[in-house]
Every structure is written in structure tokens, then in C-alpha cells.
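# Descriptive analysis of the structure
Now for the letters of each chain:
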Amino acid sequence: HYPLRQQRQMCIRDSHISICRYYQKTWLLHHLAAIRSTKHKAGLVVLEHILQHINELHSLPTGNMSFLAGYFRANNRFSNRLFGTSATGAMNDPQKSSINEFAYFFFHSNEPRVAFLSNSWVLCETDREDLQILQQWYDNVSGGLLIRALDLHPEAYLRDESICEDYQRAGLKRERKIFSLKKDDELLAVLIVNISDFGINLSNLTNCIQIFVLDQGKVYKNILNSAFTQLLKFYDIPAIPVLLYPKSCAEQYDYHFEKTYLLGILNLEHIGEYLNFMDSLIIPKKLSTVNPIKQTK
């Protein structure tokens, strides 16, 4: 048997991982892949390496690292073990690590639709008060990290253009527009138009409409379809990917979604606890008490 350190060095050749800063202080983890035939837990080891790197950097102001987030399929056993219920159960606090489930489907430009039923319906740009309502609603239904991590609280939203400018200077396109769906001035849904080019299009998860339905009893499928139709103008593709939250809303409205995505988010203030959880997956139990990893302060 190879010593543990040598095993980790070998694993790097058999797997890869990428992260990018997509929000003010949130980095998206993606493209974690490993050769299935490897005997040395390559995926786990390369993830542990990049987490060690993040552990060294996240406390530096220039790192702009407060959260690590990643989308993964609900039926992906490997990702579910790392970022799903096992991880959130180990952390045991939605303010340390949280998960939210989205239905994923495509809205086609030829979908049957109707105009808004009356002048009482409006799709307008989201303002500070709408974002405050969205945060209160999310805190009630989930209590997790999503609003803070995805820059959906008022202060972060006002600074969103700086991220777009950073990508533009790098020759990439990253844009975001937020709209509110209201009836009689009551906020019923928030729709986020994410626009990115191929260079940072992560399986269409950064080039899609992300929607949060605040009241399923007052919003109907034809109303959502009408809203999606109005947002088609921001895309040059015939079918728009949609991430709908909560997932039960897609089931209620009978949207035929083929995939379910989970968004796992880690608060990097507690990365030490997550690293300990990683140790339990990588290091044999008899070695788990030797030189435990400590969080960098």
C-alpha cells in the first residue's frame, strides 16, 4: 500500500475540479469528475485538495470567499454524499451548510400561452422592498444560505454590476436581471434572468431563468408561461432552461421536468467542520484522529 500522501498525489492525475467566482463572495464548484476505476478515491482527494486551498485563502479580503456553492443532480450518489444530506447532517445547521431543490426543464418559444388575465398582473424590475420580501419568505420556508450566497439581498444586488464588469474585462459575458411578478401590487414570484456565454455556461445553470414562486395558490401555469415568454427576448435560443423553486410548484403545475438539481451551499466560516467531515470519507478510521485538519484563522 502507498502512504496516504503518495496516494493523494496519484489521485490528482485521475480526476479534476474547477471553481469560479460567479457572485460577490460566492464561488461555484463544478466539473468535479474522476475515473471510476481508480482505487484511491480520486474525486474525494482532489476535492479535499481544493478545499485545503480555499481554507488558506477564504479569510483574506482579496479572496472574496464567503460561500462555496455547487449544483448537482439529485440521483448523483457521489455528489449527494459530499454535498447532500450527509454533509448537511454532519454540519447540522442550515446557516453552516444548506441544500435547496430545483426542478429543471426547458420552456420552448412555441409553448401554449395566454396574455396576462387582467391589468392587475405585472412583470417589473425588482426593487429593494421586493428583495426584502423574498428574503423573509425564504427564511420561513428554508432558513438556509441561498439568498445571501446568490446576492439576492438588497445590498449585494446593488453591487452586482461589478461582477459583470470583471467578466467583461476577461472577455466573457455574465449578466443578470431580476424581475418581480405581481398581482395587485402583491409580490408572488421573483424571476432571475441569468445570461452567460459558452465560456462560463455551466450545463446551462448559469444561462437560464431561475424562478422563486412565493405563493403557489395565487400563481398559475399560464401566468408563468406568459412571464417566460416576455423574458425570451434576452436569449437567442428557442428553448430557455428554467430552474424552478420550490420543486413542488413544478409538480403542481405539471411541468414535465426531466431533472432535479440540488444547490448545496457551504458557509466558509465553518469550513473547518466540513473538512473534518471530508476526513471521515477519505482517511481510514484508525488514522482519523491523527493530525486533524484545523481551520485557518
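Keep in mind that what you see is a predicted model, and the values were worked out from it rather than measured. (Residues numbered from 1 in each chain as written. Predicted model: local features only at pLDDT ≥ 70, side-chain atom pairs only at ≥ 80, totals over all residues. Heavy atoms only, no water.)

The final tally for this structure, using the stated rule, is 15 aromatic pairs. Summarising the aromatic geometry, the rings of Phe228 and Tyr255 are spaced 6.5 Å apart at their centres and angled 55° between planes, so their arrangement reads as tilted. Of this pair, Phe228 sits in helix 9 (residues 221-231) while Tyr255 sits in the loop between helix 10 (247-252) and strand 10 (259-267), and the two are 27 residues apart along the sequence. Per residue, the accessibility class of Phe228 equals that of Tyr255, and both read buried. Through successive ring pairs, a cluster of aromatic residues spans Tyr71, Phe102, Trp137, Phe212 and Tyr245. Cation over ring: Arg174 sits above Tyr22, and NZ or CZ is 4.7 Å from the ring centre. Over the ring of Tyr255 we find Lys221; its NZ or CZ atom is 4.8 Å from the centre of that ring. (Phe/Tyr/Trp six-rings, centres within 6.5 Å; stacked < 30°, edge-to-face > 60°. Helix = DSSP H or I, 4+ residues; strand = E, 2+ residues; numbered from the N terminus. Buried < 20%, exposed > 50% of the residue type's maximum accessible area, 1.4 Å probe, protein only. Lys NZ or Arg CZ within 6 Å of the ring centre and 35° of its normal.)

Looking now at the environment of Lys25. Position of Lys25 relative to the elements: it lies in the loop between strand 1 (15-21) and strand 2 (26-34). With relative accessibility at 38%, the residue Lys25 sits in the partly exposed group. For the pair Lys25 and Gly63, spaced 38 residues apart in sequence, the C-alpha separation works out to 8.3 Å. Contact partners of Lys25, with chain neighbours within four places excluded, come to Asn64, Met65, Ser66 and Phe67. (Contact = heavy atoms within 4.5 Å.)

So, about helix 9. Of all the residues in helix 9, the buried ones are Ile223, Leu224, Asn225, Ser226, Ala227, Phe228 and Leu231. Next to the buried residues of helix 9 lie strand 4 (97-108), strand 5 (121-125), strand 6 (174-183), strand 7 (186-196), strand 8 (209-213) and strand 9 (239-245).

Let us look at helix 5 (residues 128-141). Along its 14 residues, helix 5 runs 20 Å from first to last C-alpha, staying within 8% of the 20 Å computed at 1.5 Å per residue. Among all positions of helix 5, only Asp130, Leu131, Leu134, Trp137 and Tyr138 are buried. Around the axis of helix 5, the buried residues are gathered within 125° of arc, so they sit on the same side. Turned more than 90 degrees from where helix 5 packs its buried face, Glu129, Gln136 and Asn140 sit exposed. Capping of helix 5 at its N-terminal end is provided by Asp127; its side-chain oxygen lies 3.2 Å from the backbone amide nitrogen of Glu129. Backbone geometry just after helix 5 places Gly143 at a positive phi near 75°. (Expected span 1.5 Å × (residues − 1). Arc of directions from axis to C-beta. Polar contact = N/O pair within 3.5 Å; in protein donor to acceptor, adjacent residues only side chain to side chain.)

On to the confidence of the model for the chain. Scored by pLDDT, the chain has a mean of 82; 81% of the residues are at 70 or more. When the elements of the chain are averaged for pLDDT, helix 1 (residues 4-12) gives the smallest value, 39, and strand 8 the largest, 98. Low confidence marks residues 1-12, where pLDDT is under 50. Its contacts with residues over four positions away, or in another chain, come to 16 contacts. Segment residues 285-290: pLDDT under 50, and one contact once partners within four positions in sequence are set aside and those in other chains are kept. (pLDDT = per-residue confidence, 0-100.)

Here the focus is the nonpolar core. Grouped together as the largest cluster of nonpolar side chains are 36 residues, with contacts concentrated most on Leu134, Leu146, Leu150, Leu152, Phe212 and Ile265. Secondary structure elements with two or more residues in this core: strand 3 (67-73), strand 4, helix 5, helix 6 (146-149), helix 8 (160-169), strand 7, strand 9 and strand 10. With four residues, helix 5 is the single largest residue contributor to this core. Those residues in contact with Phe212 that sit more than four places away from it in its chain are Phe102, Leu134, Trp137, Leu146, Leu152, Leu188, Ala189, Val190, Ile192 and Tyr245. The next biggest cluster of nonpolar side chains, apart from the first, holds 30 residues, and it includes Phe105, Phe107, Ile240 and Cys249. (Core = buried A, V, L, I, M, F, W, Y, C linked by side-chain atoms within 4.5 Å.)

Time to look at the side chain of Ser97. With respect to the helices and strands, Ser97 occurs in strand 4. The class for Ser97 is buried, based on a relative accessible area of 8%. Sequence-distant contacts of Ser97, that is, excluding residues within four places in its chain, are made with Thr88, Met91, Leu145, Ile265 and Leu266.

On to a negative patch on the surface, then. On the surface, Asp127, Glu129, Asp184 and Asp185 cluster together into a negatively charged patch. Relative to the assigned elements, Asp127 resides in the loop between strand 5 and helix 5. Take Asp127: its relative accessible area is 35%, and that puts it in the partly exposed class. (Patch = residues over 30% accessible without salt bridge, like charges linked within 9 Å, V, L, I, M, F, W, Y side chains within 5 Å. Areas by Shrake-Rupley, 256 points an atom, 1.4 Å probe, with all protein chains shown as cover. Salt bridge = Lys/Arg side-chain N within 4 Å of Asp/Glu carboxyl O. Lys, Arg positive; Asp, Glu negative; His and termini not counted. Charge placed at Lys NZ, Arg CZ, Asp CG, Glu CD.)

The next subject is the pattern of salt bridges. A complete count under the given rule lists seven salt bridges for this structure. Put simply, Glu155 and Arg128 hold a salt bridge, and the shortest N to O gap is 3.4 Å. A residue pair is termed long-range when its members are at least 10 positions apart, and Glu155 in helix 7 (residues 154-158) and Arg128 in helix 5 qualify at 27 residues. Take Glu155: its relative accessible area is 42%, and that puts it in the partly exposed class. Between Lys182 and Asp130 there is a salt bridge, with the nearest N and O atoms lying 3.2 Å from each other.

Let us look at unusual backbone geometry. Along the chain, Tyr245 connects to Pro246 via a cis peptide bond; the corresponding omega equals 0°. Notably, Asn64 is not glycine yet its phi reads approximately 50°, a positive angle. Inspection of the secondary structure assignment puts Asn64 in the loop between helix 2 (42-57) and strand 3. Relative accessible area serves as the criterion here: at 21%, Asn64 is assigned to the partly exposed category.

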